Amino acid sequence: MDTFHTPNNYAPVIKTDFSSYQRVIAISDIHADYAGFQGVLKQLNFTTNDALVIVGDILEKGKHSLELLHEVMELIKQGNIYIVAGNNDIIFEEWYGNLVTNEDVHWYLHSREDSILIDMARELQMPFETLDEIEALKTAIEKHYKEELAFLCNLPYI
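**Student:** Got a minute to help me understand the pattern of salt bridges in this structure?
**Tutor:** Where charged atoms from two side chains of opposite charge approach closely, those side chains can pair. Tallying each qualifying case throughout the model produces four salt bridges. Of the charged contacts, one joins Glu 74 and Lys 77 as a salt bridge, the two residues approaching to 3.2 Å between their closest N and O atoms. What makes Glu 74 partly exposed here is its relative accessible area of 47%. The exposure class of Lys 77 is exposed, given its relative accessible area of 58%.

Structure follows, in structure tokens:
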């Protein structure tokens with residue numbers, strides 16, 4: 001990984017001018033609810049004339065973390081989507097930055113039904129039963145999900 005926010009650095013901040021938008025829409029805590037996210041955008045008739053501010057927690061708890069991440073990564077290319085990291089969005093920063101251990105990740109994966117890590121493991125067809133398998137998964141995720149990791153690990157906090 002190239003860039004991580006560490007506890008010793010200042011919180012990454014992004015400054016934005018919203019004056020050119022008709023509306024500024026702020027949402028948070030999507031938690032991998034892909035259909036719900038799509039429904040909100042449709043109900044609001046969201047267009048490129050609007051700014052969408054996602055105030056953290058696009059990942060975890062729901063069934064579609066990886067799918068939602070890809071959708072947000074695609075939408076952000078429009079230039080009117082702004083996102084800050086929530087505590088559920090920094091899972092990779094914590095793991096690759098050695099703030100959590102493979103043992104912590106093993107426990108985490110086995111304490112929930114849905115996670116971006118589980119989505120990735122399934123897509124890669126990799127088990128995560130043992131610590132050796134967790135380490136292999138960590139290596140495979142870094143190799144196969146470079147764009148996703150870079151996106152998440154470079155989200156501003158403020």
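**Student:** What should I look at first to understand the side chain of Asn 102 in this one?
**Tutor:** Assignment of secondary structure puts Asn 102 in helix α4 (residues 102–110). In contact with Asn 102, other than residues within four places in its own chain, are Trp 95, Leu 131, Ile 134, Glu 135 and Lys 138.

**Student:** Even after reading the chapter, I still don't get the nonpolar core, so can you show me in this structure?
**Tutor:** Inside soluble globular proteins, nonpolar side chains tend to come together where they are buried. Ranked by internal contacts, the top residues of the largest apolar core, which has 42 residues, are Phe 37, Ile 54, Phe 92, Leu 117 and Ile 141. When residues in this core are grouped by element, the largest group, six residues, is from helix α2 (residues 65–75).

**Student:** What exactly am I supposed to notice about the sheet that holds strand β1 (residues 23–27) here?
**Tutor:** Strands belonging to one sheet form pairs held by backbone hydrogen bonds; the direction of such a pair is parallel or antiparallel. With parallel pairing, three strands are arranged side by side in an open sheet as β1-β2-β3. Among the strands making up the open sheet, the edge pair consists of β1 and β3 (81–84). Across the sheet, the axes of successive neighbouring strands diverge by a mean angle of 15 degrees, strand direction being ignored. Across four bridges, strand β2 (residues 50–55) lies against β3 in parallel orientation. Of the residues in β3, the one forming a bridge with Val 55 is Val 84.

**Student:** What's the story with the packing of aromatic side chains in this structure? I'm lost.
**Tutor:** Two descriptors summarise a pair of aromatic rings, namely the distance from one centre to the other and the angle between the planes of the rings. A full pass over the atoms with the stated rule returns five aromatic pairs. Judged by centre distance (6.4 Å) and plane angle (50 degrees), the rings of Phe 18 and Tyr 21 are tilted. Phe 18 sits in the partly exposed class, given a relative accessible area of 28%. Between Lys 138 and the ring centre of Tyr 96, over which it is positioned, the NZ or CZ distance is 5.5 Å.

**Student:** What is the right way to look at α4 in this model?
**Tutor:** It helps to recall that an α-helix has 3.6 residues per turn; residues three or four apart then point in one direction. Along α4, the residues that are buried comprise Asn 102, Val 105, Tyr 108 and Leu 109. Summarising the axial view, the buried residues of α4 lie within an arc of 120 degrees, below the 170-degree limit, and thus occupy one face. Looking at the buried positions of α4, the neighbouring elements they touch are α3 (91–96), α5 (116–124) and α6 (131–144).

Criteria and thresholds
- Residues numbered from 1 in each chain as written.
- Predicted model: local features only at pLDDT ≥ 70, side-chain atom pairs only at ≥ 80, totals over all residues.
- Heavy atoms only, no water.
- Salt bridge = Lys/Arg side-chain N within 4 Å of Asp/Glu carboxyl O.
- Buried < 20%, exposed > 50% of the residue type's maximum accessible area, 1.4 Å probe, protein only.
- Helix = DSSP H or I, 4+ residues; strand = E, 2+ residues; numbered from the N terminus.
- Contact = heavy atoms within 4.5 Å.
- Core = buried A, V, L, I, M, F, W, Y, C linked by side-chain atoms within 4.5 Å.
- Pairing = 2+ DSSP bridges.
- Axes fitted to C-alpha atoms, helices over the stretch in contact; angles between N-to-C directions.
- Phe/Tyr/Trp six-rings, centres within 6.5 Å; stacked < 30°, edge-to-face > 60°.
- Lys NZ or Arg CZ within 6 Å of the ring centre and 35° of its normal.
- Arc of directions from axis to C-beta.

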